[in-house]
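Next come the chains, spelled out residue by residue.
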Amino acid sequence: MDLLALADFNLVARHGGFGRAARAAERPKATLSRRVGELEASLGVRLFERGSHTLKLTQEGQALYARTEALLSELDEAASSIASGGDTPRGRLRVSAPMLFSQMALGKIAAEFARRYPQVRLEVTTEGRPVDMVEEGYDLVIRVNPDPDERLVGRVLVRDRLVAVAHPALPLPAPGATAPAVFRPSSDATSWALIRDGSEVRVAVEPLLRLGALTMVRDAVRAGIGAAMLPFSLVADDLNRSALVSWGNAKAPPIEIWALYPSRRLLSSRVSALLDLLKETFPQGQAEELADFASTHEPLTPSLRRKFQTID
């Protein structure tokens, strides 16, 4: 495959048209059109649907762009780095992350990253589905409890845990009684197994509400409608201020937030820089670090840290 023609195809796809690409690159429009046509002929597929006033990628063109844009960006970065005699991160960095982690932390982290590395164009998107980072052209994905994927490698950023919380006016139910609760739509639990004061207790629950976002669940619990099982990092600030009380930690495996990237690709300086910043932000990978980072109030008190340490 002709790499120059492939680079011209990516240029046109990125700018959404031959004219805009030609103006951005200061190259003749006819040259770009000819080279893209040669690439289509060599592959035996049409990469663009050409209308009288529109140009859009075909399904084959979308697949080729998704799989080659990041690789060509890495080649450009390597050439620029060698030419400048350094390894300053530059270029485009696409990241996919879950909504809650993005809301709690990634805004401030992205701002700090932009201050440190102004030559990197960082794009963070939030998806309600697990994206295919290789097919969709992401450089890094952040996932919660990801399934094993032989194409990806990575590291744990934070280990969080679930805690049952309620408004202070809602008492822990007596044995045999049922507690009103707020659930996610996917949950069908009828009871919670909790570790409280070093002992295991079981609390029967009945859902009064089912809400799609964890922040919505937390807000409903704040309003006193029922108890909920939520990540510690999300409610630590409320516990610290006694706006909510804990009924105990869930007897469950930890919630692991991972940063993942393709195993077959050399780790670019852009990705390395972001991973280093994430490690710097959460050096121990503890839920308390995420809670403190996201808090708009005071950091967690030492007594609260001791009270809600991870239950092994």
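Residues numbered from 1 in each chain as written. Predicted model: local features only at pLDDT ≥ 70, side-chain atom pairs only at ≥ 80, totals over all residues. Heavy atoms only, no water.

**Overview of the overall build of the protein**
So, point 1. Scanning the protein from N- to C-terminus turns up 11 helices and 13 strands.
So, point 2. The buried share of the protein, taken over its 312 residues, is 44%.
So, point 3. For the protein, restricting intrachain contacts to residue pairs at least 6 apart in sequence, the fraction spanning at least 24 positions comes to 74%.
So, point 4. Approximately 16300 Å² of the protein is accessible, and the part contributed by carbon and sulfur atoms is 52%. (Helix = DSSP H or I, 4+ residues; strand = E, 2+ residues; numbered from the N terminus. Buried < 20%, exposed > 50% of the residue type's maximum accessible area, 1.4 Å probe, protein only. Contact = heavy atoms within 4.5 Å. Areas by Shrake-Rupley, 256 points an atom, 1.4 Å probe, with all protein chains shown as cover.)

**Observations concerning the packing of helix α8 (residues 232-240) against helix α10 (residues 287-294)**
So, point 1. At their nearest, the axes of α8 and α10 sit 8 Å apart, and the two run at 60° to each other. Classed by the angle they form, the pair α8 and α10 counts as oblique. By crossing handedness, the relation of α8 to α10 is classed as right-handed. Packed against α8, whose contacting residues are Phe 232, Ser 233 and Ala 236, the element α10 presents Ala 287, Glu 288, Leu 290 and Ala 291 at the interface.
So, point 2. Its residues assigned to classes, the contact of α8 with α10 shows 5 nonpolar, 1 polar and 1 charged. (Axes fitted to C-alpha atoms, helices over the stretch in contact; angles between N-to-C directions. Parallel < 35°, antiparallel > 145°, perpendicular 65-115°, else oblique. Left-handed = near helix turned anticlockwise from the far one by under 90°. Nonpolar A, V, L, I, M, F, W, Y, C, P; charged D, E, K, R; others polar.)

**Topic: a nonpolar patch on the surface**
So, point 1. On the surface, a cluster of nonpolar side chains totalling about 240 Å² of accessible area is made up of Leu 208, Leu 209 and Ile 225.
So, point 2. Among the structural elements, Ile 225 can be located in the loop between α7 (214-222) and β11 (228-231).
So, point 3. In this structure Ile 225 comes out as partly exposed when scored by relative accessible area, which is 37%. (Patch = residues over 30% accessible without salt bridge, like charges linked within 9 Å, V, L, I, M, F, W, Y side chains within 5 Å. Salt bridge = Lys/Arg side-chain N within 4 Å of Asp/Glu carboxyl O.)

**Here's the deal with the packing of aromatic side chains**
So, point 1. Per the counting criterion, the structure on display carries 6 aromatic pairs.
So, point 2. An angle of 55° between the planes, with centres 6.2 Å apart, marks the rings of Phe 101 and Phe 282 as tilted. Of this pair, Phe 101 sits in helix α5 (residues 99-116) while Phe 282 sits in the loop between α9 (269-281) and α10, placing them 181 residues apart in sequence.
So, point 3. With relative accessibility at 4%, the residue Phe 101 sits in the buried group.
So, point 4. On the basis of relative accessible area, Phe 282 is assigned to the buried category, the value being 1%.
So, point 5. Judged by centre distance (6.3 Å) and plane angle (35°), the ring pair of Phe 183 and Trp 192 falls under tilted. Comparing Phe 183 with Trp 192 shows no difference in burial state: the two are buried.
So, point 6. Through a chain of ring-to-ring contacts, the aromatic side chains of Phe 9, Phe 18 and Phe 48 assemble into a single cluster.
So, point 7. The ring of Tyr 138 has Arg 94 sitting right over it, with the charged end atom 4.2 Å from the ring centre. (Phe/Tyr/Trp six-rings, centres within 6.5 Å; stacked < 30°, edge-to-face > 60°. Lys NZ or Arg CZ within 6 Å of the ring centre and 35° of its normal.)

**Considering the sheet that holds strand β9 (residues 191-196)**
So, point 1. One open sheet accounts for 6 strands, arranged β8-β10-β9-β12-β7-β11; its pairing is mixed. Sheet topology places β8 (178-183) and β11 at the edges, where each strand pairs with a single neighbour. Across this sheet, the average inter-strand angle for adjacent strands is 50°, counted without regard to direction.
So, point 2. Here 4 bridges tie strand β7 (residues 162-166) to β11, and the two strands are oriented antiparallel to one another. Bridge assignment links Val 165 to a residue of β11, and that residue is Ala 228.
So, point 3. Its contacts with the sheet put α8 on β7, β11 and β12 (245-250), and the angle it makes with β11 is roughly 105°. (Pairing = 2+ DSSP bridges.)

**A short note on the pattern of salt bridges**
So, point 1. In this structure the tally under the stated criterion is 18 salt bridges.
So, point 2. The salt bridge partner of Glu 123 is Arg 94, with a shortest N-O separation of 3.9 Å. Pair noted here: Glu 123 is in strand β4 (residues 120-126) and Arg 94 is in strand β3 (residues 91-97), with a separation of 29 residues, a long-range link.
So, point 3. Take Glu 123: its relative accessible area is 32%, and that puts it in the partly exposed class.
So, point 4. Where Arg 241 meets Asp 237, a salt bridge forms, and the shortest distance between an N and an O atom there is 3.3 Å.
So, point 5. According to the relative accessible area criterion, Arg 241 is partly exposed, its value standing at 40%.
So, point 6. Relative accessible area serves as the criterion here: at 14%, Asp 237 is assigned to the buried category.
So, point 7. Within this structure, Arg 218, Asp 219, Arg 222, Asp 237, Asp 238 and Arg 241 form a network of salt bridges that share partners.

**Regarding helix α1 (residues 3-15)**
So, point 1. In this model α1 runs 18 Å from its N-terminal to its C-terminal C-alpha over 13 residues, within 8% of the 18 Å that 1.5 Å per residue would give.
So, point 2. Among the residues trailing α1, Gly 16 stands out with phi positive, at a value near 80°. (Expected span 1.5 Å × (residues − 1).)

**Section: the environment of Ala 294**
So, point 1. Position of Ala 294 among the secondary structure elements: in helix α10.
So, point 2. It is 9.0 Å that separates the C-alpha atoms of Ala 294 and Lys 108, two residues lying 186 residues apart in sequence.
So, point 3. Apart from residues no more than four positions distant in its own chain, Ala 294 is found in contact with Met 104 and Lys 108.

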